[in-house]
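# Commentary on secondary and tertiary structure
Chain by chain, the residues:
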Amino acid sequence: MTEFLKVKNIDLSYVKKDLKIRILKGLNLKVAKGSFVAITGASGSGKTSLLRVICGLESPSKGEIELDKNLLCSQEVFIPTEKRDIGLVIQEKVLFPHLNAKENIEFGVSNKKNKHHLCDDIMLKLNIHDLTEKYPHELSGGESQRVALARSIIMKPKLLMLDEPFTGLDKQLKMKIYPTIKSILQENDITCLMVTHDLSEVKALADKCFNLESGKLQKI
């Protein structure tokens, strides 16, 4: 399989109370097209920061990021987030409050003729087809997460990044939708990078797993 995502020698630092704190230290990562890679690590190790750097929400002080042979970030180049074709699903609720569940999912695919069919199909697979007319304030945390996940998948990004995506789901539902999500990603040839603390998610979904410690990744 070809190397699809290349993260090369990335450094990221924060300044806190006049102290410079290095979060990522010469970090390297290669992800093959169509694969599912998980990243684990202690709280505060920089897992979310790594996702933010890849999608352009943070600017590293050093290093390069390449996706599908396109340079996204270097000392001379910085492609803005909205032009990177990367989907990001985070823990926080990020649905539009004035749109119902189906409208939220279809928001990013307004120009596709078959968007209603695509939406119905993915809502059925994620077991949220009965939430079509419900608004975000009427959804549970787990339901909101699945709607946000559906919204990202339906856009078919080159790279989908998940930051603790199943936090609000009970164990029984998690075990039920893991194979569904894996199947949907494979059907659409979507490459996925997931941050998680849950090893059951790693075992059910990931092709490879890395642990982030002391600013660097170690394969496990």
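As shown above, the structure is provided for reference.
Quick caveat: nothing in here was measured; it's all calculated off a predicted structure.

## A few points about the overall build of the protein
Per the secondary structure count, the protein includes six helices and 10 strands. The C-alpha atoms of the protein give a radius of gyration of 17 Å, which matches the 17 Å a tight globule of 220 residues would have. Expressed as lengths along the three principal axes of its C-alpha atoms, the size of the protein is roughly 50 × 40 × 35 Å. By residue count, 50% of the 220 residues in the protein fall in the buried class. Expressed as a percentage of contacts within the protein between residues at least 6 apart in sequence, the contacts between residues at least 24 apart total 68%.

## Concerning the pattern of salt bridges
If you walk through the whole model with that rule in mind, you get 12 salt bridges. Lys 30 is the salt-bridge partner of Glu 3, the closest N and O atoms lying 3.5 Å from each other. Residue Glu 3 is located in strand S1 (residues 3–16), and its partner Lys 30 is located in strand S2 (residues 19–32); the two are separated by 27 residues in the primary sequence. Exposure remark for Glu 3: the relative accessible area of 41% places this residue in the partly exposed category. Note that Lys 174 is salt-bridged to Glu 201, the shortest N-O span being 3.9 Å. Of this pair, Lys 174 sits in helix H5 (residues 171–187) while Glu 201 sits in helix H6 (residues 199–205), and the two are 27 residues apart along the sequence. Exposure class is identical for Lys 174 and Glu 201. Each is buried. Each of Glu 3, Lys 6 and Lys 30 takes part in one network of salt bridges that share partners.

Definitions and cut-offs
- Residues numbered from 1 in each chain as written.
- Predicted model: local features only at pLDDT ≥ 70, side-chain atom pairs only at ≥ 80, totals over all residues.
- Heavy atoms only, no water.
- Helix = DSSP H or I, 4+ residues; strand = E, 2+ residues; numbered from the N terminus.
- Rg over C-alpha atoms; globule rule 2.2 N^0.38 Å.
- Buried < 20%, exposed > 50% of the residue type's maximum accessible area, 1.4 Å probe, protein only.
- Contact = heavy atoms within 4.5 Å.
- Salt bridge = Lys/Arg side-chain N within 4 Å of Asp/Glu carboxyl O.

Function cannot be read off these values alone, since they describe shape.
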